[in-house]
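Coordinate analysis (summary)
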Amino acid sequence: DAGVTQSPTHLIKTRGQQVTLRCSPKSGHDTVSWYQQALGQGPQFIFQYYEEEERQRGNFPDRFSGHQFPNYSSELNVNALLLGDSALYLCASRGTGGSPLHFGNGTRLTVT
Amino acid sequence: QKEVEQNSGPLSVPEGAIASLNCTYSDRGSQSFFWYRQYSGKSPELIMFIYSNGDKEDGRFTAQLNKASQYVSLLIRDSQPSDSATYLCAVDTNAGKSTFGDGTTLTVKP
């Protein structure tokens, strides 16, 4: 039973560029959430997708956008990268509401 | 005020001792509560979840929830060096959004 998979594992981008991160949820899960985790902090909620729609959004600018596909996989896009966007980006999936999140291994993004 | 607050730590306990980790939350409507463990450089993994007031035990771990006080805790009995990690408290504040605290780093010394 495959868990949550994320790609790529690591990414180095230059300030101003755009990046796309990808996530496949755990089998049987239909809800995907994205989190940003800076060093020494807890994961910060970016947004959540269910039935191909953004259902909830955290306090992140419009430079952060996403998409969910019919097979429940998801993408996170970040435009006009800033140095402060350097972080670990975590994708998590869950089945029913209120059930625990299952995390992927994350994508480490470095913006130079 | 942060939605979910944890003891900043770090917390250090000797091997075999009880480690106590605390968390408070601000949204009285919260329904689901989770503890995740995160090793350095890794992603969070679920330790415990609790939905009702009281205690819930799973092996060496006990989660405690007091909704009236908006407080949730995690006790680790017989702490082992392998328990050394950052422990994240997460609260479902509404419709499936999990909000995390900044974590408490635990070190278990042999």
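Definitions and limits used
All chains use their own residue numbering, which begins from 1 and follows the written sequence. Each chain is given a letter, starting from A, and each ligand a number, starting from 1, according to the order in which they appear as written. Given that the model is predicted, a residue must reach a pLDDT of at least 70 before its local features are reported, and side-chain atom pairs must reach 80 or more before they are shown or counted; all residues, however, enter totals for whole chains, interfaces and linings. To get the side-chain values, all heavy atoms of the structure are used, and hydrogens and water are removed first. Here a Phe, Tyr or Trp ring, Trp counted by its six-membered ring, pairs with any other such ring whose centre lies within 6.5 Å, and the pair is stacked when the planes are under 30 degrees apart, edge-to-face when over 60, and tilted otherwise. Counting from the N terminus, the helices are DSSP H or I runs at least four residues long and the strands are E runs at least two residues long. In this scheme, a residue with accessible area under 20% of its type's maximum is buried, one over 50% is exposed, and one in between is partly exposed, where area comes from a 1.4 Å probe on protein chains only. Whether a charge sits over a ring comes down to the Lys NZ or Arg CZ being within 6 Å of the ring centre and within 35 degrees of the ring normal. Note: pLDDT gives the predictor's confidence per residue, expressed from 0 to 100. Nine residue types can take part in a nonpolar core, namely buried Ala, Val, Leu, Ile, Met, Phe, Trp, Tyr and Cys, and a core is a set of them joined through side-chain atoms within 4.5 Å. Two residues form a contact once any of their heavy atoms are found within 4.5 Å.

This model, assessed by the stated rule, comprises twelve aromatic pairs over all chains. Ring plane angle 70° and centroid distance 5.7 Å describe the contact between Tyr35(A) and Phe45(A), whose orientation is recorded as edge-to-face. Note that Tyr35(A) is positioned in strand 4 (residues 31-37) and Phe45(A) in strand 5 (residues 44-50), a separation of ten residues in sequence. Where Tyr36(B) meets Phe100(B), the ring centres are 5.4 Å apart and the plane angle is 45°; that geometry is what we call tilted. Of this pair, Tyr36(B) sits in strand 4 (residues 32-38) while Phe100(B) sits in strand 10 (residues 97-100), placing them 64 residues apart in sequence. Grouping residues by exposure puts Tyr36(B) and Phe100(B) together as buried. A connected cluster of aromatic rings, assembled from ring pairs, spans Tyr35(A), Phe45(A), Phe103(A), Phe34(B), Tyr36(B), Phe49(B), Tyr51(B) and Phe100(B). The ring of Phe49(B) carries the charged tip of Lys56(B) above its face, separated from the ring centre by 3.5 Å.

A separate point is the confidence of the model for chain B. Across chain B, pLDDT averages 94, with 98% of residues at or above 70. Element-level mean pLDDT values for chain B span from 92 in strand 9 (residues 85-94) of chain B up to 98 in strand 7 (residues 61-66) of chain B.

Core analysis: the biggest nonpolar cluster contains 23 residues, and Trp35(B), Val72(B), Leu74(B), Ile76(B) and Tyr87(B) have the highest contact counts within it. Here Val72(B) is in contact with Leu21(B), Asn22(B), Cys23(B), Phe33(B), Trp35(B), Ile50(B), Gln64(B), Leu65(B) and Cys89(B), once residues within four sequence places are set aside. Among the nonpolar cores identified, the runner-up in size contains 20 residues, and Val19(A), Ile46(A), Tyr49(A) and Phe64(A) belong to it.

Turning to the environment of Phe64(A), a few remarks are in order. All names here are of chain A. With respect to the helices and strands, the residue Phe64 is situated in strand 7 (residues 64-68). Residue Phe64 is classed as buried on the basis of its relative accessible area, which comes to 2%. With 45 residues separating them in the primary sequence, Phe64 and Val19 have C-alpha atoms 9.9 Å apart. If we skip the residues at most four places from it in the chain, Phe64 touches Gln36, Ile46, Phe47, Arg57, Leu76, Asn77, Val78, Asp85 and Tyr89.

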